[in-house]
Amino acid sequence: MLFVLDTMVSAADTTSISASSFFGFMGVTMALVLANLGAGYGTFKAGAGIAAIGIWKPEIIMKSLIPVVMAGILGIYGMIVAVLLSQKVKNPLYYTYKSGFAHMASGLCCGCSCIAAGFAIGIVGDVGVRGNAQQERLFVGLILILIFAEALALYGLIVSLILSQS
């Protein structure tokens with residue numbers, strides 16, 4: 001497949017089409033889509049917990065929004081990586097396979113780590129918000145666990161930025 005794409009020539013302007021750009025743009029896509037998938041799941045799961053406790057303890061709803069905000073940050077991580085990678089994908093004649101594969105790995109690194117963090121934030125947020133409604137002393141522990149869950153995505157973002165430079 002790669003060899004077929006490498007030998008293709010556009011009939012309109014006789015420039016060759018390289019598959020290396022495909023891999024670079026797949027990195028852009030994976031960073032944004034997977035990060036938003038993690039953010040969406042985290043928001044959905046934590047939001048369900050907030051809706052459940054809002055019925056019988058509406059005074060702690062604002063304090064319980066922290067997991068939803070932290071899940072939203074995951075989407076921002078994906079957007080940062082996607083914008084940086086999209087600016088690095090160049091003309092196929094000057095964009096190598098090494099760059100394409102590195103940018104795809106960069107996008108997958110950010111996206112997959114954001115999915116993992118989104119699952120953790122969503123599940124911990126749901127259970128933690130419900131537990132916090134019953135026992136106020138759980139709040140500090142909940143925040144610490146959420147911070148460590150968010151750190152998973154931050155690690156992926158850092159490695160993704162390093163990969164995007166190669």
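Under the annotation held in an unreviewed UniProt entry, the protein carries the name V-ATPase proteolipid subunit C-like domain-containing protein and is attributed to Paramecium primaurelia.

*Asks:* Which parts of the structure should I look at to understand the overall build of the protein?
*Replies:* The helix and strand tally for the protein stands at five helices and zero strands. Helices and strands appear in the protein in the N-to-C order α-α-α-α-α. Split into buried and exposed, the 166 residues of the protein put 40% on the buried side. In the protein, the share of contacts with a sequence separation of at least 24, taken over all contacts with a separation of at least 6, comes to 81%. When the accessible surface of the protein is summed, it comes to about 8,800 Å², and 77% of that surface belongs to carbon and sulfur atoms.

*Asks:* Mind showing me how you'd approach the UniProt feature "transmembrane region" (unreviewed entry) in the protein here?
*Replies:* As annotated by UniProt and renumbered to match this structure, "transmembrane region" (unreviewed entry) occupies residues 20-44, 65-85, 105-127 and 139-163. As annotated, residues 20-44 has a helix share of 100% and a strand share of 0%, and its two end C-alpha atoms lie 36 Å apart. Split by type, residues 105-127 is 100% helix and 0% strand. Its first and last C-alpha atoms lie 33 Å apart.

*Asks:* Hey, could you run me through the packing of aromatic side chains in this one?
*Replies:* Note on aromatic pairs: each is described by the distance of the centres and the angle between the planes. Within the structure shown, the criterion is met by five aromatic pairs. Ring geometry for Tyr 41 against Phe 119: centres 4.5 Å apart, planes inclined by 55°, an arrangement best described as tilted. Of this pair, Tyr 41 sits in helix α2 (residues 20-54) while Phe 119 sits in helix α4 (residues 97-134), and the two are 78 residues apart along the sequence. Note on Phe 119: relative accessible area 41%, which makes it partly exposed. Linked through ring pairs, Phe 22, Phe 23, Tyr 97 and Phe 101 together constitute an aromatic cluster. The ring of Phe 139 carries the charged tip of Lys 63 above its face, separated from the ring centre by 4.6 Å.

*Asks:* So what exactly am I meant to see when it comes to helix α5 (residues 139-164) here?
*Replies:* Every α-helix carries 3.6 residues per turn, so stepping three or four residues along brings you back to the same face. With 26 residues, α5 should reach 38 Å at 1.5 Å per residue; the first-to-last C-alpha distance of 37 Å fits that figure. Looking at α5, one finds that the buried residues are Phe 139, Leu 142, Ile 143, Leu 146, Ala 149, Glu 150, Ala 151, Ala 153, Gly 156, Leu 157, Ser 160 and Ser 164. Next to the buried residues of α5 lie α3 (66-88) and α4.

*Asks:* Is there a simple way to think about the environment of Ala 117 in this case?
*Replies:* The residue Ala 117 is located in helix α4 in this model. Along the sequence, Ala 117 and Met 70 sit 47 residues apart, while their C-alpha atoms lie 9.6 Å from each other. For Ala 117, the residues in contact, after removing those within four places along its chain, are Leu 74, Ala 149, Leu 152 and Ala 153.

*Asks:* What am I meant to see in the nonpolar core here?
*Replies:* Note that soluble globular proteins tend to have their nonpolar side chains buried in a common cluster. In terms of nonpolar packing, the biggest core is built from 22 residues, with Leu 74, Tyr 77, Val 81, Cys 114, Ile 121, Leu 146 and Ala 153 touching the most fellow members. Apart from the residues lying within four places of it in its own chain, the contact partners of Leu 74 are Ala 35, Gly 38, Ala 39, Cys 114, Ala 117, Gly 118, Ile 121, Glu 150 and Ala 153. Counting residues in each nonpolar core, the second largest holds five residues, with Ile 50, Ile 53, Ile 60 and Ala 133 among its members.

*Asks:* Hey, could you run me through the packing of α3 against α5 in this one?
*Replies:* The relative placement of two packed helices is expressed as an angle between their axes plus a distance between the axes. At a closest axis distance of 11 Å, the pairing of α3 and α5 adopts a crossing angle of 5°. Looking at the two axes, α3 sits roughly parallel to α5. Side by side, α3 and α5 meet where Ile 66, Pro 67, Met 70, Ile 73, Leu 74, Tyr 77, Val 81, Leu 84, Leu 85 and Lys 88 of the first sit next to Phe 139, Ile 143, Leu 146, Ile 147, Glu 150, Ala 153, Leu 154, Leu 157, Ser 160, Leu 161 and Ser 164 of the second. Across the contact of α3 with α5, the residue classes break down as 17 nonpolar, two polar and two charged.

What counts and what doesn't
Residues numbered from 1 in each chain as written. Predicted model: local features only at pLDDT ≥ 70, side-chain atom pairs only at ≥ 80, totals over all residues. Heavy atoms only, no water. Helix = DSSP H or I, 4+ residues; strand = E, 2+ residues; numbered from the N terminus. Buried < 20%, exposed > 50% of the residue type's maximum accessible area, 1.4 Å probe, protein only. Contact = heavy atoms within 4.5 Å. Areas by Shrake-Rupley, 256 points an atom, 1.4 Å probe, with all protein chains shown as cover. UniProt positions renumbered as here; feature names shortened; annotations may be inferred. Phe/Tyr/Trp six-rings, centres within 6.5 Å; stacked < 30°, edge-to-face > 60°. Lys NZ or Arg CZ within 6 Å of the ring centre and 35° of its normal. Expected span 1.5 Å × (residues − 1). Core = buried A, V, L, I, M, F, W, Y, C linked by side-chain atoms within 4.5 Å. Axes fitted to C-alpha atoms, helices over the stretch in contact; angles between N-to-C directions. Parallel < 35°, antiparallel > 145°, perpendicular 65-115°, else oblique. Nonpolar A, V, L, I, M, F, W, Y, C, P; charged D, E, K, R; others polar.

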